[in-house]
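Given next are the chains, with one letter for each unit.
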Amino acid sequence: MEKFFNTAGPIKPDLHYYVKTEGRWDFSSVVNLIRHQKYFILHAPRQTGKTSSILALMHHLNESGQYEAVYANVEAAQAAREDIESAVRTICIEIARRHKMYIKNDLLNAVWLDIFEKSGPNYAVRELLSFWAQHADKPVVIMLDEVDALIGDTLISLLRQLRSGYDSRPESFPISAILCGVRDVRDYRIHSSRTKEIITGGSAFNIKAESLRLANFSPSQIQDLYEQHTEATGQVFEEEVLELAWNYTYGQPWLVNALAYEVTFNMKENRDRKRPITADAFREAKERLILRRDTHLDQLVDKLKEDRVRNVIQPLMEGKEQVEVIADDDLQYVIDLGLIRRGESKTYQISNQIYQEVIPRELTYTTQYTMRQDQRWYINKDGSLDMDKLLTAFQEFFRKNSEHWIQMFSYQEAGPQLLLQAFLQRIVNGGGRIEREYGFGRGRTDLFIEFFYPMENPTHKQEIVLELKILYSNLEKTIQDGIRQTKAYMDKCGTDVGHLLIFDRREGITWEEKIWKKEVEGIMVWGS
């Protein structure tokens, strides 16, 4: 059977191309932690390969003959919420079931119910693990996945049961425990309905020795993954594809695999393995992925509704020169979700180009499809985009509709930038694409439009830079800074066409004063 790129669930080596776990974390150090009887955390954003990595570790430990290691996924207990009895019962069933699956005996399956009934929910997990350790021929290692899916008192109970058995290891408790989830346990803020207080994960599980974060793929690992397909089928990837894969994803594993699956399996013409995978085909795969709003991307943008995420993403999208103080907890939470990363300039930015596109598109999704704008209104006779006509229309649209539309946005402070992007996306869709750059302390948002024309048989391409700035006080200084920044971005993009848009947020300024345009140093400057 032909292997394929995996986009759902753990890796199966006989079915999937994959990057070896050993290359993504320090495997020998992990084994040393277990040898030294440590309890530790493995965390990373969703769909980055945590489960595949922990399963690979379990098989390695069991095959070494030195340990009895069992992986168990406790996510099903989330449905019980804070019903501790129901949740702990579910966890005990899962541990016993997985023990039978991986260790091939009925030891825990035969006793878990009796232990649960005698011990009660606040001791059952501890007593079940203790029974296992006492009857196993080798030191026991337990790996609990999706721990941070548990809620409130259920999570507190599990963490404290693990802590209360810690001093009994290795004879009467697992020699090592590994908790897996999106976040580090220290960042848990657990709301206890029983005690009416917030308990930190660090206090509930203060036996943690290390927190390991599973890294994204490196450029060489992306190349290795894609070359597995070439070796298996003979189908080659153009060299530029590898560069695009890194730029689009920054190594986010699901995105790397999803793009490759889209271009090699979903695009029918590329099922012909004699046909090389071109950069243009890969760009089309990226656009399809974004427009289709696959589960991973849907889950990602759903997080944008949370206040903790908005507190970080909104000022980032505004690109202010000075950023208000952001709570460390909120910042770490958004990092753990995989939405942002620390860039080379030591400032935080959206994790990759695909997320940079997805976030503003999703925040204005309904806006794009409800505003009355037609691409044909802004097309020249030769099929090219008439930017002068388009931006003049936007000025009028913004004057008449901005207050109404921006109030509908959940990210109102970034409303002007989002509204322009929605307007442009509506016009450019089907004939081109928009690349975006924004981040903390940049003082602007950069847009780069590629528009291909005529649409029936594209043979030409427009490349246009738009620089967006917010005016709070000094107009002339804002224009000067904007011209300099626009020229720098034009040089970076290799184009000689640039526009600077200035959104005037000063109080007491009339629309007649806000709406204007003029040419400065060869760049059209637009007031809104």
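Residues numbered from 1 in each chain as written. Predicted model: local features only at pLDDT ≥ 70, side-chain atom pairs only at ≥ 80, totals over all residues. Heavy atoms only, no water.

1. Side note on the overall build of the chain
Inclusion rule: A run of H or I in DSSP becomes a helix once it reaches four residues, and a run of E becomes a strand once it reaches two; helices and strands are each numbered from the N terminus. Only heavy atoms matter for contacts: two residues are in contact if any of them lie within 4.5 Å across the pair. Charge assignment: positive for Lys and Arg, negative for Asp and Glu; neither His nor the chain ends contribute. Lys charges are placed at NZ, Arg charges at CZ, Asp charges at CG and Glu charges at CD.
Counting secondary structure elements, the chain contains 20 helices and 17 strands. Here the C-alpha coordinates of the chain stretch approximately 80 × 60 × 35 Å along the principal axes. In the chain, 70% of the contacts between residues at least 6 apart in sequence involve partners at least 24 apart. Side chains of the chain carry 68 positive and 78 negative charges; the gap between the two charge centres is 2 Å.

2. With respect to the nonpolar core
Our working rule: Definition of nonpolar core: a set of buried residues of the types Ala, Val, Leu, Ile, Met, Phe, Trp, Tyr and Cys, connected through side-chain atoms within 4.5 Å. Exposure is judged per residue with a 1.4 Å probe applied to protein chains only, and the accessible area is read against the type maximum: over 50% gives exposed, under 20% gives buried, and values in between give partly exposed.
Residues I34, I54, L57, I95, M143, L144 and I178 are the most contacted members of the largest nonpolar core, which totals 64 residues. Top contributing element to this core by residue count: helix 3 (residues 84-103), with 9 residues. Setting aside its immediate chain neighbours within four residues, I54 contacts W25, L42, Y71, M143, I178 and C180. Membership of the second largest hydrophobic core comes to 56 residues, among which are A258, M267, A285 and I340.

3. Some points on the sheet that holds strand 14 (residues 460-471)
Our working rule: Paired strands, in this sense, are two strands between which DSSP finds at least two bridges. To get an axis, fit a line to the C-alpha atoms, keeping to the stretch in contact for a helix; angles then go from 0 to 180 degrees between the N-to-C directions.
Strands sit in the order 12-13-14-15-17-16 across an open sheet of 6 strands; the sheet is mixed. Edge positions in the open sheet fall to strand 12 (432-437) and strand 16 (516-520), since each of these has one partner strand only. Ignoring which end each strand starts from, the neighbouring axes of this sheet average 20° apart. The pairing of strand 12 with strand 13 (residues 445-453) spans 6 bridges and is classified as antiparallel. Of the residues in strand 13, the one forming a bridge with G432 is F451.

4. Here's the deal with the side chain of N6
This is how it is decided: In the analysis that follows, any N or O atom pair within 3.5 Å is treated as a polar contact, provided that within protein one partner can donate a hydrogen and the other can accept it, and provided that, for residues neighboring in sequence, both atoms belong to side chains.
By the secondary structure assignment, N6 is in the loop between strand 1 (4-5) and strand 2 (16-17). Separated by 3.2 Å, the side chain of N6 and the backbone nitrogen of A8 make a polar contact. A distance of 2.8 Å separates a polar atom in the side chain of N6 from the backbone oxygen of G9. If we skip the residues at most four places from it in the chain, N6 touches I11, H16 and N257.

5. Structural notes on unusual backbone geometry
Note: most peptide bonds trans; most residues except glycine with negative phi. Residue P170 is reached from R169 by a cis peptide bond, and omega for that bond is 0°. Here P170 shows up in the loop between helix 6 (152-165) and strand 6 (176-181). The step from Y453 to P454 runs through a cis peptide bond, and the omega angle for that step is -10°. One non-glycine residue, Q47, adopts positive backbone phi at about 55°. By the element assignment, Q47 lies in the loop between strand 3 (39-43) and helix 2 (50-64). Look at Q47 and you get partly exposed, because its relative accessible area is 31%.

6. Points about the state of the cysteines
Applicable threshold: In this description, the term disulfide denotes a pair of cysteine sulfurs within 2.5 Å.
Evaluated as defined, the whole model comprises 0 disulfides. Here C180 is not disulfide-linked; the sulfur of C92 is the nearest cysteine sulfur, at 19 Å. On the basis of relative accessible area, C180 is assigned to the buried category, the value being 1%.

7. A short note on the environment of T230
Relative to the assigned elements, T230 resides in helix 8 (residues 219-233). Under the relative-accessibility criterion, T230 is labelled partly exposed at 21%. In sequence terms T230 and P276 are 46 residues apart; their C-alpha atoms lie 9.7 Å from each other.

8. Focus: the pairing of strand 13
Most of strand 13 sits inside the fold, with 8 of its 9 residues counted as buried. Where strand 13 meets strand 14, 9 bridges bridge the pair, whose relative direction is antiparallel. In the strand pairing of strand 14, E450 is matched with E463. If you look at the hairpin formed by strand 13 and strand 14, you'll find 6 residues sitting between the two strands.

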